[in-house]
Amino acid sequence: MKKILLIFSLLLITGALVMGQTVQITGTVTSSEDGLALPGVNVTVKGTTIGAITAADGRYSITVPANAQALTFSFIGFRTMEVQIAGKTRIDATLTQDVFNVEEVVVVAYGTQQK
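The numbering scheme is per chain: residues are counted from 1 as the chain's sequence reads. Where totals are concerned, whole chains, interfaces and linings use all residues; where local detail is concerned, this predicted model gives features only for residues with pLDDT of at least 70, and gives and counts side-chain atom pairs only at 80 or more. The side-chain quantities take in all heavy atoms of the structure and omit both hydrogens and water.

### Re the environment of phenylalanine 73
Argument step 1. Numbering goes from the N terminus for both helices and strands, where a helix is a DSSP run of H or I of at least four residues and a strand is a run of E of at least two. If you trace the backbone, phenylalanine 73 turns up in strand β5 (residues 70-74).
Argument step 2. Note on classification: 1.4 Å probe, protein chains only; a residue is buried when its accessible area is under 20% of the maximum for its type, exposed when over 50%, partly exposed between these limits. Residue classification places phenylalanine 73 among the buried positions, given a relative accessible area of 0%.
Argument step 3. Sequence spacing of phenylalanine 73 and valine 41 is 32 residues, and the spatial spacing of their C-alpha atoms is 6.7 Å.
Argument step 4. Aside from chain neighbours lying at most four places away, what touches phenylalanine 73 is Val29, Val41, Asn42, Val43, Tyr60, Arg79, Thr80, Met81, Val83, Ile91, Ala93 and Leu95. Residues are treated as being in contact if the distance between any of their heavy atoms lies within 4.5 Å.

This is the structure:
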């Protein structure tokens, strides 16, 4: 009986050590212009392939390694934003639009040209 209890205790401690190597981060991504939630924003851990996508209400949840430094938020039509984690478990991001002048692009039959 003592052997079984000892083995179970070792497995429990090992599991706790493995779980301690990751951190759960949650938050919301909004637009800076109108404050509305942005669905479909890519949230990635800088330097890794770990990522998540925001839901329809702009919320996300991502499990990151304990040694992760920053999260990167990217979305079409908005500037990419990088936020330092620094021990936080909730990170809300506000993305600004990446405005470019459409009038400067000319579409021709064989491609596009800049004015």
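### Overview of the sheet that holds strand β1 (residues 22-31)
Argument step 1. Following DSSP output, two strands are said to pair if at least two bridges run between them. Sheet architecture is open: 3 strands sit in the order β4-β1-β7, paired in mixed fashion. Looking at which strands have only one partner, the edges of the open sheet turn out to be β4 (59-65) and β7 (93-95). With direction set aside, neighbouring strand axes in the sheet form an average angle of 35 degrees.
Argument step 2. For β1 and β4, the ladder comprises 7 bridges, and the chain directions are antiparallel. Note on β4: the bridge partner recorded for valine 23 is valine 64. An axis is simply a line fitted to the C-alpha atoms; with a helix, the fit covers only the stretch in contact. Between two such axes, the angle follows the N-to-C directions and lies from 0 to 180 degrees.

Function cannot be inferred from these measures alone, as they are strictly geometric.
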